[in-house]
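# Overview (structure and organization)
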Amino acid sequence: MKILNREEMQQADRHTIEHVGIPGYALMECAAQAMLEETEKYIADTFRPEREKAGPGIIKPSVTVLCGSGNNGGDGLVLARRLEVRGIKTSSWLCRPSGNLKDEALKAYAAFIRAGFVLNELNQDNAQELNNIIEGSDYIIDALLGTGTRGAVSDPFRHIIEAVNRSRARVISLDIPSGSDPDIADIICTIRADITLTVQFPKTGAYLHPGAQNYGKLITVDAGIIHQENEHSPLRYLWDEKMHKEHSEAFSHSLADEKKEKNGRALIIGGSRNMTGAPIMTAMACARSGAGLISVATTERGRASAQILIPEAMYTECEEADGFIRHVLTPEDSDIIAVGMGLGRKEVSENIISELLDSENNILIDGDGLWFLKDMIQKLEGRKGITILTPHPGEMATLCSQTQEYIRNRRFEAARELSTRYGIYVVLKGPYTITSCPDGTQYVNSSGNQGLAKGGSGDILSGMIAGRMAGIMKKKAIYKEERREYHVEISESVIGRHIADAVYLHGRAADIITGRGRSITGMLPTDILAEI
């Protein structure tokens, strides 16, 4: 599923109306029908009248529809009309003067009035009445402000949004919660929705925290809007269970090679005097994610533990200085090298990162490796091997010479800028982890929970990615050497999809664990290993 920003959604609307030839009002009616079906289902699933107060007869839910003067308000008016036709009585309010309506919103208003239903127009005299109605509503349909919202919300919308958020009502937002900016994470005055019925494509703001928390459950409704792909404008996609299954089916043949050499060799470099566990977790995850052979380069102290915990691994000699790795002789047949997990930040280890950047090896840099990278980031340019970076927001801010606030608000832009500038893969971790490819294509992860916000989760993720990459890069090399066509072209985007799928499986493992009753607080990163 595509994820669009404000400008891309507006372009899709224009393309559908002007080039495909579907009138804007027809799209509005189509969207409202899909919204009607989801709204009826939600009300049926959630409405529980208080039986002791019911008495004889049937209690029906009180539904209030709040509409602005733009197209979002037009969606609300069409939905309100369709609810009335279906026998669901609404208290419908136009919260801006009807004289402000134009185009499709004006048509929706006219249809509502001609249908003979009551539409209240907000003014100074009935403002308190609206407050009372909001307070007593079971359901509120929020159609005040849409994707055109920019900056702070002013009255009367600010006052109405605050009243809705104080109420006990369940809130259904249309397209986006009113007050939200579809492009950035900031929230100033925003509806807190229980569900959001987004039109055709989710918007980027739905995947940026803290604003994302206001969407509640996000449901995409089909309105028939067509987005025309542009090779000069790479897209974002939501990586969910459907994408995972499609990807797994496309590459199922790649799992059939019986020789361990064909599943690739991964080298894990990391660990230091006080952080012996990180590379071990990475190696364990790598072993469970497809790598045929695994070598570990870690400190002498760390090796003693590693040989017990992961006997499947081999070990590469490395030079140490005071408990920190100084030099590693990397095996020439390594298909992927994951470096940085628990490496420490002593100067003696800096040369490891520098040498790997100068090499033609495929590398994944995580943890302390990213700390060293910030001072030699220009070495990323023109590398022959693939490069994967897995920063959290703080590390990303350092790499981009930006503030964490900027990264929080502009995760998509920051990840794409870094990946396209240097021709690398960037896995920007956090809620809705973004995998950004060298061509600008991005995949947004839909799995995972707060149980992953613990030290060690990133080490497990790096191992899962490295395990995937070991196999895929080995197969790419073998088929190139034998001059045979692989059944699926291993392009930059395909490599990106393998990375995105590893991210998804990492989060899904956490969801499986909590789904079985383990608390978020009680979950450990190593619990993920059993669910890979």
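For every chain, the first residue of the written sequence is number 1, and numbering continues from 1 along that sequence. Local features are withheld for residues below a pLDDT of 70 in this predicted model, meaning they are given only at 70 or higher, and side-chain atom pairs are given and counted only at 80 or more; totals for whole chains, interfaces and linings count all residues. To get the side-chain values, take all heavy atoms of the structure and skip hydrogens and water.

Moving on to the sheet that holds strand 9 (residues 236-239). A pair of strands counts as paired when DSSP detects no fewer than two bridges linking them. Here a helix means four or more residues in a row that DSSP labels H or I, a strand means two or more in a row labelled E, and each is numbered from the N terminus. If you walk across this open sheet you meet the 11 strands as 1-9-20-19-18-17-16-15-10-11-12, and the pairing is mixed. Of all strands in the sheet, those bounded by a partner on one side alone are strand 1 (2-3) and strand 12 (314-315).

Here we come to the nonpolar core. As used here, the term nonpolar core means buried Ala, Val, Leu, Ile, Met, Phe, Trp, Tyr and Cys residues forming a set that is joined through side-chain atoms within 4.5 Å. When a residue's accessible area, from a 1.4 Å probe over protein chains only, is under 20% of the maximum for its type it is buried; when over 50% it is exposed; and in between it is partly exposed. Formed by 96 residues in total, the largest nonpolar core has its most connected members in I388, I465 and M469. Counting residues per element, this core draws most heavily on helix 17 (residues 492-515), which supplies 11 residues. Contacts are assigned to residue pairs that have any heavy atoms within 4.5 Å of one another. Contacts of I465, omitting those with residues within four sequence positions, involve L364, I388, T390, V427, I499, A502 and V503. Counting residues in each nonpolar core, the second largest holds 44 residues, with I176, A206, V339 and I434 among its members.

Spatial strand order, 4-3-2-5-6-7-8: seven strands in an open sheet with parallel pairing. Unpaired on one side and paired on the other, strand 4 (119-121) and strand 8 (217-221) mark the two borders of the sheet. If you compare each strand with its neighbour and ignore which way they point, the axes differ by 20° on average. Summarising the sheet, strand 3 (residues 90-94) and strand 4 pair through three bridges and their orientation is parallel. Residue pairing in the sheet places S92 in a bridge with L119 of strand 4. Note on geometry: axes are lines fitted to C-alpha atoms, helical ones only across the stretch in contact, with angles between N-to-C directions running from 0 to 180 degrees. Of the strands in this sheet, strand 2 (63-67), strand 3 and strand 5 (139-143) are in contact with helix 6 (residues 127-136), which crosses strand 3 at around 140°.

This part takes up the packing of helix 4 (residues 71-85) against helix 5 (residues 103-114). Contact pair helix 4 / helix 5: the axes reach a minimum separation of 8 Å and the direction vectors enclose 20°. Taken as axis vectors, helix 4 and helix 5 run roughly parallel relative to one another. Pair helix 4 / helix 5 crosses with left-handed handedness. Two secondary-structure elements touch here, helix 4 through N71, G74, L77, V78, A80 and R81 and helix 5 through E104, A105, A108, Y109, A111 and F112. Residue polarity follows a fixed list, in which Ala, Val, Leu, Ile, Met, Phe, Trp, Tyr, Cys and Pro are nonpolar, Asp, Glu, Lys and Arg are charged, and the others, Gly among them, are polar. Among the residues making up the contact of helix 4 with helix 5, the classes are represented as eight nonpolar, two polar and two charged. For classification purposes, an angle smaller than 35 degrees is called roughly parallel, one larger than 145 roughly antiparallel, one from 65 to 115 roughly perpendicular, and anything else oblique. Left-handed describes a crossing whose near helix is turned anticlockwise from the far helix by less than a right angle; the clockwise case is right-handed.

Now for the packing of aromatic side chains. A pair of Phe, Tyr and Trp rings is counted when the ring centres sit within 6.5 Å of each other, with Trp represented by its six-membered ring. The angle between the planes then sorts it: under 30 degrees is stacked, over 60 is edge-to-face, the rest tilted. A full pass over the atoms with the stated rule returns seven aromatic pairs. Aromatic pair Y42 and Y139: ring centres 6.1 Å apart, planes at 80°, arrangement edge-to-face. Separated by 97 residues along the polypeptide, Y42 in helix 2 (residues 24-46) and Y139 in strand 5 bring together distant segments of the chain. Between F47 and Y139 the ring centres are 6.4 Å apart and the planes differ by 55°, which places this aromatic pair in the tilted class. Taken as a pair, F47 in the loop between helix 2 and helix 3 (51-54) and Y139 in strand 5 lie far apart in primary sequence, 92 residues in all.

Glancing now at the pattern of salt bridges. When a carboxyl oxygen of Asp or Glu lies within 4 Å of a side-chain nitrogen of Lys or Arg, that pair is called a salt bridge. Applying the stated criterion to the full structure yields 28 salt bridges. A salt bridge links R236 to E8; its shortest N-O distance comes to 2.8 Å. Here R236 is found in strand 9, whereas its partner E8 is found in helix 1 (residues 6-20), with 228 residues between them in sequence. In this structure, R236 and E8 share a single accessibility class: buried. The residue K379 makes a salt bridge to D358 at a minimum N-O spacing of 3.1 Å. Taken together, the positions of K379 in the loop between helix 12 (368-373) and strand 17 (387-389) and D358 in helix 11 (residues 350-358) put the pair 21 residues apart, joining distant regions of the chain.

On to empty space enclosed by the protein. A probe matching the size of a water molecule, rolled over the atoms, marks out where space remains unfilled. Every definition here rests on a 1 Å grid over the protein atoms only: cavities are sets of points where a 1.4 Å probe fits but cannot get out, pockets are open sets enclosed by protein on both sides within 12 Å along at least five of seven lines, and lining residues have some atom within 4 Å of a point. Grid points are joined across faces, edges and corners, and a volume is the space filled by probe spheres set on the points. Counted under the stated rule, the structure contains one cavity of 30 Å³ or more. Roughly 40 Å³ of internal volume is contained in the largest cavity. Lining the largest cavity are S180, D181, I184, A185, D186, I187, T190, G205, G211 and Y215. The residue makeup of the lining of the largest cavity, split by class, is four nonpolar, four polar and two charged.

Turning our attention to the packing of helix 6 against helix 7 (residues 157-166). For the pair helix 6 and helix 7, interaxial distance at closest approach is 9 Å and the crossing angle is 30°. Taken as axis vectors, helix 6 and helix 7 run roughly parallel relative to one another. Where helix 6 crosses over helix 7, the handedness of that crossing is right-handed. From helix 6, L130, N131 and I134 reach across to helix 7, where they touch H159, I160, A163 and V164.

Once that is clear, we can look at the pairing of strand 6 (residues 170-174). Strand 6 sits mainly inside the fold: four of its five residues count as buried. Across four bridges, strand 5 lies against strand 6 in parallel orientation. What sits directly across from Y139, in strand 6, is R170. By convention, orient the strands away from the viewer: a clockwise path from the first strand over the helix to the second makes the crossover right-handed. In terms of handedness, the path from strand 5 via helix 7 over to strand 6 forms a crossover that is right-handed. As paired elements, strand 6 and strand 7 (residues 195-199) share three bridges and run parallel to each other. Pairing of I172 across the sheet is with I195, part of strand 7.

A few words now on the state of the cysteines. Criterion for a disulfide: a pair of cysteine sulfur atoms within 2.5 Å. The final tally for this structure, using the stated rule, is zero disulfides. Summary of cysteine pairing: C189 is not part of a disulfide, and the nearest cysteine sulfur, belonging to C95, is at 13 Å. Of the residues examined, C189 reaches a relative accessible area of 6% and is grouped as buried. There is no disulfide at C400, and the cysteine sulfur nearest it, in C437, is 16 Å away.

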